[in-house]
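# Working through the structure, step by step
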Amino acid sequence: MMLTSSFPCVAEHIARLTPYQPGKTSEEVKREFGLERVIKLACNENPFGPSPMAKAAAMQALQEAHYYPDSAGYALRRALSQNYRVKFENIIIGAGSEGILASIVRAYLNGNDEALTSDGTFIGFTVLIRSQGIPLRCVPLRNYAYDLVAMARAITPRTKLIYLANPNNPTGTLIDRAAFEDFYSKVPGHILLIMDEAYHEFVGSEPAYPDSQLYRHDNVFTLRTFSKAYGLAGLRIGYGIAHETIIEQLLKIKLPFEPNHIAQAAALAAFADREFVKRTIASNVKGLETLYDGLARLGMVHVRSFGNFVMIDLGSSKRVQWFSRRLLERGIIIRPLAAFGLPDCLRITVGLPEENELLLSELANLLKQESVV
Ligand SMILES: Cc1ncc(COP(=O)(O)O)c(C=O)c1O
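In this report, we go over the structure that sits alongside the text. (Residues numbered from 1 in each chain as written. Predicted model: local features only at pLDDT ≥ 70, side-chain atom pairs only at ≥ 80, totals over all residues. Heavy atoms only, no water.)

Here we take up the overall build of the protein. Helix and strand counts for the protein stand at 14 helices and 13 strands. Over its C-alpha trace the protein gives a radius of gyration of 21 Å, about what one expects of a compact globule, namely 21 Å for 373 residues. When its C-alpha atoms are laid out on the principal axes, the protein stretches across 60 × 60 × 50 Å. Of all 373 residues assigned to the protein, the portion counted as buried reaches 52%. In the protein, 74% of the contacts between residues at least 6 apart in sequence involve partners at least 24 apart. (Helix = DSSP H or I, 4+ residues; strand = E, 2+ residues; numbered from the N terminus. Rg over C-alpha atoms; globule rule 2.2 N^0.38 Å. Buried < 20%, exposed > 50% of the residue type's maximum accessible area, 1.4 Å probe, protein only. Contact = heavy atoms within 4.5 Å.)

Following this line, the structure appears as structure tokens:
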């Protein structure tokens, strides 16, 4: 259909925006390649599915789906505040941690403000910033990790918000305590520092990890999610911990009924299911070891990860495309990282033991095939 010249126009920064492209779904790949079974190692989801307790709570909550959700999120915020020993008013819940990020960007950034982050980090953030037409400074990675010294130097009088993912997605690298503390000392108090800790649970008891909410800094926003270790990515629920003045502002603009009732009930039950999270973390530790060993045997360059995924550097974008395509044909979905600004790299989510083994054996086959081609 031809549009008339009077058709409404979007703002220029929206017209220019490259949309966020999520990983392919299993159904898409089955359709495209005529496959019956597909393994998805592309989106850092939990290979065990949701916790049984969360499933039962979600089923129960479904009976009440005709009611609007509790917009105050009372039960879940109370459980989180008790766990973290903070006030109820220090907690916000939202439709995924991305939903909360969107509220932060809307509430805190406008006109003359700038945001600062790194290259090679979570693209959900960069897409959000660009969708608001906010200028974004990105500092190059150093050795696959954040260069916090360069980032501190990149702060300008217009910087209003800084975003760090720790561990970082997609590199899996960790900002250690000393680096965090040094960086924080250089961040002026009027700048909001977002510490996105989507993979917090997978860090385990690593002593060098700076758990950002323990510092109780007034301008630090700790962001976490039920999408990863808790296995609830499809329900869209995450939470934030911050000064009550910040939370108060966000509550004014967040959609009143997010997250939905079923997500709130499932998250509350999942948060109580310690055994499930423990099992998930233990399996992830073993899965990472299997992948490191296998990748080392295959001579594939990879980065040590503190999350539930591993990044592999294939040295060229052509190889990344070739391997991604061949793995798809074999029913394994992984994530090429061109959109993250890492065109020579791909990311693999840690799967179930048999999925990790299958992936490694397919990679071995492909390496043999590649040397013949
Ligand atoms: C660093 C990081 N932050 C946030 C998210 C999104 O989490 P949620 O599902 O809670 O929106 C992801 C998902 O991949 C992520 O890797």
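The discussion continues.
Our next topic: the pairing of strand S8 (residues 238–241). In S8, alternate side chains face the same way, and those of Gly238 and Gly240 on one face and Tyr239 and Ile241 on the other are all buried. By the bridge criterion, four bridges tie strand S7 (residues 220–225) to S8 in an arrangement that is antiparallel. From the neighbouring strand, arginine 224 faces S8, where its bridge partner is tyrosine 239. (Pairing = 2+ DSSP bridges.)

Now for the site of the ligand. Close to the ligand lie 13 residues, the nearest being Ser97, Asp196, Tyr199, Thr225 and Ser227. The side chain of tyrosine 199 places a nitrogen or oxygen atom 2.6 Å from an oxygen atom of the ligand. In the complex, 93% of the free accessible area of the ligand, which totals 400 Å², lies under the protein chains. Here the shell around the ligand gets three residues from one element, more than from any other, and that element is helix H5 (residues 96–108). Residues that form the shell around the ligand fall into these classes: four nonpolar, five polar and four charged. (Near = heavy atom within 4 Å. Polar contact = N/O pair within 3.5 Å; in protein donor to acceptor, adjacent residues only side chain to side chain. Areas by Shrake-Rupley, 256 points an atom, 1.4 Å probe, with all protein chains shown as cover. Nonpolar A, V, L, I, M, F, W, Y, C, P; charged D, E, K, R; others polar.)

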